[in-house]
Amino acid sequence: MFDSGFGGLTVARAVIDLLPNENLIYFADTGRFPYGSRSAAEVTDFSNQIADLLLTQHRPKLIVVACNTASAVALGELAARVDVPVIGVLRPGLESLLKVTVTSRVAVIATVGTIASGAYQRLAAQMAPQVELSCAACPGFVEFVERGETDSDQVRVLAQRLLAPLREAKVDALLLACTHYPFLARPIAEVMGRDVVLVSSADETAFAVQRTLRSLGQSRDCEEVGTHRFVSSGDADSFARLGRILLGSNGPELNDVECHPW
Ligand code: DGL
């Protein structure tokens, strides 16, 4: 599994909880974070490079792209290049969203790169043509989360401005289509109002991994708990510190972070 940084650990958590026997390697490209403001070509190059590294060093049976931006711009090329299944977060996220909407007016918020790629818009039109989808890029949200500022007046002001079109569109469900946005769930929920359900893609992605492994007959069905390794291309200590909070303090999973500078 890989992400541009620690945000994808929410997906790792869901996979570890659902499939505790599987061995997991999580690669955080913290040395080149963030992806959301980079060009599609650059994010695709990075994603290919990480997949090559994972495949040559660890020989995984499946790769999860736990980053919305990378899933949006690089998944197609990546899946065509490698000979193991590649699972992104877009389809699982949209599946969660479509499950909860009653009015069929839904919204997706994500980084500039993800929204500009048009990937959510295309996939939603394919999966549920009857649905009215509103999208909003939210530049600034990731930076607030990185600073640990998840509930300040400034976040609220920015959320009010960026989410205003979605309120006007009267959506009843909103997908947090960026690894960092679940941390801003409170201000986002306050701005959107009580009638809007917020969803994220982590759990549905874990179910997609489970389904794929089962259908290929590759589930690791044994008593033994899997190993969990974490690799960071940037500072390993800060990744471990932040990661422990995100992954939950009760898990033994994030004790050692290996460093892989490019
Ligand atoms: N992981 C990215 C995503 O889900 C957010 C952080 C970044 O911009 O790299 O889109």
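Just above sits the structure.
Residues numbered from 1 in each chain as written. Predicted model: local features only at pLDDT ≥ 70, side-chain atom pairs only at ≥ 80, totals over all residues. Heavy atoms only, no water.

Undergrad: Describe in detail the sheet that holds strand E2 (residues 24-28), supporting the description with residues and values.
TA: Read across the open sheet, the 4 strands follow the order E1-E2-E9-E10; overall the sheet is parallel. Strands at the two margins of the open sheet, each flanked by one partner only, are strand E1 (2-3) and strand E10 (257-259). Together, E2 and strand E9 (228-232) form the strand contacts of helix H1 (residues 9-18), whose direction differs from that of E2 by roughly 175°. (Pairing = 2+ DSSP bridges. Helix = DSSP H or I, 4+ residues; strand = E, 2+ residues; numbered from the N terminus. Contact = heavy atoms within 4.5 Å. Axes fitted to C-alpha atoms, helices over the stretch in contact; angles between N-to-C directions.)

Undergrad: Break down the packing of H1 against helix H10 (residues 202-215) for me, citing the residues and quoting the values.
TA: Each pair of packed helices gets described by two things: the angle between the helix axes and the distance between those axes. For the pair H1 and H10, interaxial distance at closest approach is 8 Å and the crossing angle is 50°. Accordingly, the angle class assigned to the pair H1 and H10 is oblique. Seen from above, H1 lies across H10 with right-handed handedness. Counted together, Thr10, Val11, Ala14, Val15 and Leu18 of H1 and Ala202, Asp203, Thr205, Ala206, Phe207, Val209 and Gln210 of H10 form the full contact between these two elements. For the contact of H1 with H10, the class distribution of residues is 8 nonpolar, 3 polar and 1 charged. (Parallel < 35°, antiparallel > 145°, perpendicular 65-115°, else oblique. Left-handed = near helix turned anticlockwise from the far one by under 90°. Nonpolar A, V, L, I, M, F, W, Y, C, P; charged D, E, K, R; others polar.)

Undergrad: Explain empty space enclosed by the protein residue by residue, including any values.
TA: Applying the stated rule across the entire model yields 2 cavities of 30 Å³ or more. For the largest cavity, the calculated volume is near 80 Å³. A per-class count over the lining of the largest cavity returns 7 nonpolar, 5 polar and no charged. Each pocket or cavity is described by its volume, and for the second largest cavity that value is around 30 Å³. As for the second largest cavity, its lining consists of Leu94, Leu97, Leu98, Val106, Ala124, Ala128, Val131 and Leu133. (1 Å grid on protein atoms, 1.4 Å probe; cavity = no way out; pocket = protein on both sides within 12 Å on 5 of 7 lines; lining within 4 Å. Points joined across faces, edges and corners; volume = space filled by probe spheres on them.)

Undergrad: Give a description of unusual backbone geometry that names residues and reports values.
TA: The amide bond that connects Phe33 to the next residue, Pro34, takes the cis arrangement and shows omega of 0°. Along the polypeptide, Pro34 turns up in the loop between E2 and helix H2 (40-58). The backbone of Arg59 sits at a positive phi, close to 45°, despite the residue not being glycine. Along the chain, the position of Arg59 falls in the loop between H2 and strand E3 (63-64). Backbone geometry places Lys170, a non-glycine residue, at a positive phi of 55°. By the secondary structure assignment, Lys170 is in the loop between helix H8 (153-168) and strand E7 (173-176).

Undergrad: Provide a residue-level description of the pattern of salt bridges, including the pertinent values.
TA: Following the criterion strictly, the structure yields 13 salt bridges and no others. Note that Arg156 and Glu190 form a salt bridge whose closest N and O atoms lie 2.0 Å from each other. Taken together, the positions of Arg156 in helix H8 and Glu190 in helix H9 (residues 185-192) put the pair 34 residues apart, joining distant regions of the chain. Residue classification places Arg156 among the buried positions, given a relative accessible area of 18%. Across the salt bridge formed by Glu224 and Arg220, the nearest N and O atoms sit 3.3 Å from each other. (Salt bridge = Lys/Arg side-chain N within 4 Å of Asp/Glu carboxyl O. Buried < 20%, exposed > 50% of the residue type's maximum accessible area, 1.4 Å probe, protein only.)

Undergrad: Help me get a handle on the packing of aromatic side chains, residues and values and all.
TA: This model, assessed by the stated rule, comprises 5 aromatic pairs. A centroid spacing of 6.1 Å and a plane angle of 25° characterise the contact between Tyr26 and Phe239, whose relative ring orientation is stacked. Of the two residues, Tyr26 sits in strand E2 while Phe239 sits in helix H11 (residues 236-247), which places them 213 residues apart along the sequence. Here Phe27 and Trp262 contribute two aromatic rings whose centre-to-centre distance is 5.6 Å and whose plane-to-plane angle is 50°, an arrangement assigned as tilted. Taken together, the residues Phe27 in strand E2 and Trp262 in the segment after E10 connect sequence positions 235 residues apart. Owing to a relative accessible area of 1%, Phe27 belongs among the buried residues under this scheme. Since its relative accessible area comes to 40%, Trp262 is described here as partly exposed. (Phe/Tyr/Trp six-rings, centres within 6.5 Å; stacked < 30°, edge-to-face > 60°.)

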